[in-house]
Every structure is written in C-alpha cells, then in structure tokens.
Amino acid sequence: PAAICDWETPWKVQRRHTRWLYCDASGAYPPLPKHRAKQVRKGHSKGIQLGISRDVDALVSLHQRARERKDIASDGKALERLFQWIVQSPHQTSYIAQSEEGIPIASATFLHNAGRTIYAFGGQKRSKLSGLATVMLMDQGIQDAAAIGNQVFDFGGSTDPGVDRFYAEFGAEKVVRHRVVRLAWWARPWLRIVRPDLF
C-alpha cells in the first residue's frame with residue numbers, strides 16, 4: 001500500500017485502494033463515530049461477547065459465509081490450511097463474536113507487523129446481531145493496534161462500495177494500493193474464464 005506503480009506492457013496495473021486510520025502523536029486513535037459507538041454499546045447490552053479464538057473451523061466457516069453471500073469464489077481447503085498457519089503466529093489476533101447463547105455471529109482476524117495492524121479476514125452469519133458484532137470487532141482491532149503501539153490500522157480495502165463507505169466512516173483515509181498482473185499470452189483465454197478479476 002502507498003507504493004505507486006507505473007509499469008508498462010506486458011504488465012497490467014489495476015488501481016485499487018485500502019483505508020488507513022492513523023493514531024496521533026500520543027498513540028491514541030480517533031474515537032468511534034457516535035452512531036458506531038452507540039452500536040458497540042448496544043452490542044454489549046444484547047449480550048454479544050468477543051473472545052480470542054484459534055478455532056480454525058469456526059473462523060473459516062464464518063469467512064466462507066461472507067464470500068458465498070457476495071458470490072466470491074473461494075477454495076475452502078486452501079483457506080483452512082492458511083488459517084491453520086495464521087492462528088499459530090504471535091503476530092495475529094483472531095476473534096469470534098458470540099451471541100448470549102454462545103452461537104458464533106461474526107469473526108475477524110488482525111495481523112500485526114511493522115507498525116501496522118491489518119484487518120485481514122472477516123466473516124459473519126447474517127442476523128439481527130451480525131452488524132453490531134462486526135462494529136464491535138472493528139473497535140477491538142483498533143484497540144489492539146493502540147495497545148501494541150502500531151501507528152496505523154489498515155482496514156484491508158474492499159472493492160465493494162458499501163464496505164468501503166463503512167471503513168471511511170471510521171475516519172480512515174484512502175491509500176492507493178496497486179495490483180500488478182502479468183499474464184502469459186497462452187493462458188489468457190483460460191484465465192478470462194476462471195479469473196476474470198485479473199483483467
């Protein structure tokens with residue numbers, strides 16, 4: 001993120017962005033917007049509990065639900081292998097939000113590295129509580145970034161306009177993130193079918 005790329009043919013540069021929330025000189029992040037802070041309080045009043053988790057099955061299941069809802073292709077087995085590695089790292093925190101009855105509602109995995117905390121994975125089981133749980137998880141990630149001493153909370157970016165607006169509401173600034181792709185000529189016809197996002 002923030003690196004500018006002007007490579008020419010045969011490289012294809014896709015302009016994207018993420019959103020960064022910066023802390024101030026004292027290490028404090030901006031307070032939540034009033035309506036989001038209200039949602040956090042409401043989530044607590046509804047009995048939503050956040051807990052650190054290494055339950056790969058639950059983390060993958062919630063993330064996959066979000067991908068399926070948005071019709072995003074995903075390799076569940078590869079995702080499971082990735083999460084098995086991630087949860088062993090000391091440079092991450094993964095949370096699952098549960099209802100008062102102990103039912104998983106939403107999840108978030110945050111990666112911590114080089115002064116930046118990144119919202120890397122999230123998921124939810126859609127319900128009346130899932131929106132509240134998601135805001136609570138974002139708030140927790142920002143708190144973790146402050147506690148670790150990271151100067152940036154990176155929302156990870158999204159090509160979904162609604163999700164991007166959600167991130168922007170926290171006061172996060174747009175940061176350029178270029179994706180650079182090079183495709184072999186012989187693979188293009190096949191990739192146009194299986195990976196249209198590369199074009």
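Residues numbered from 1 in each chain as written. Predicted model: local features only at pLDDT ≥ 70, side-chain atom pairs only at ≥ 80, totals over all residues. Heavy atoms only, no water.

### Some points on the environment of Phe199
Rules: Only DSSP runs of H or I covering at least 4 residues are called helices, and only runs of E covering at least 2 are called strands; the numbering of each starts at the N terminus. The contact rule is simple, with two residues in contact once any of their heavy atoms fall within 4.5 Å.
Counting through the fold element by element, Phe199 comes out in the segment after helix H6 (188-194). The spacing of Phe199 and Arg19 is 180 residues in sequence and 23 Å in space, taken between C-alpha atoms. Phe199 has contacts with Lys12, Gln14, Leu183, Arg188, Leu191 and Arg192, leaving out every residue within four places of it along the chain.

### Quick word on the sheet that holds strand E1 (residues 11-22)
Either a parallel or an antiparallel arrangement is found when strands of a sheet pair, and the pairing is made through backbone hydrogen bonds. To be explicit about the condition: Pairing between strands is defined by DSSP: at least two bridges between them are needed. Under this scheme, a helix contributes an axis fitted over its contacting stretch, all axes are lines through C-alpha atoms, and angles between N-to-C directions fall in the 0 to 180 degree range.
Strand order in the open sheet formed by 7 strands is E2-E3-E4-E5-E6-E1-E7, and the pairing between neighbours is mixed. Each of the sheet's edge strands pairs with one partner strand only, and the pair in question is strand E2 (49-52) and strand E7 (173-182). Taken pair by pair, the neighbouring strands of this sheet meet at an average axis angle of 30°, ignoring direction. Relative to strand E3 (residues 92-98), E2 is paired through 4 bridges, and the arrangement is antiparallel. Across the sheet, residue Gly51 finds its bridge partner in E3, namely Ile96. Here helix H2 (residues 56-69) sits on the sheet and contacts E3, strand E4 (104-113) and strand E5 (116-124); the angle it forms with E5, its principal contact strand, is near 75°.

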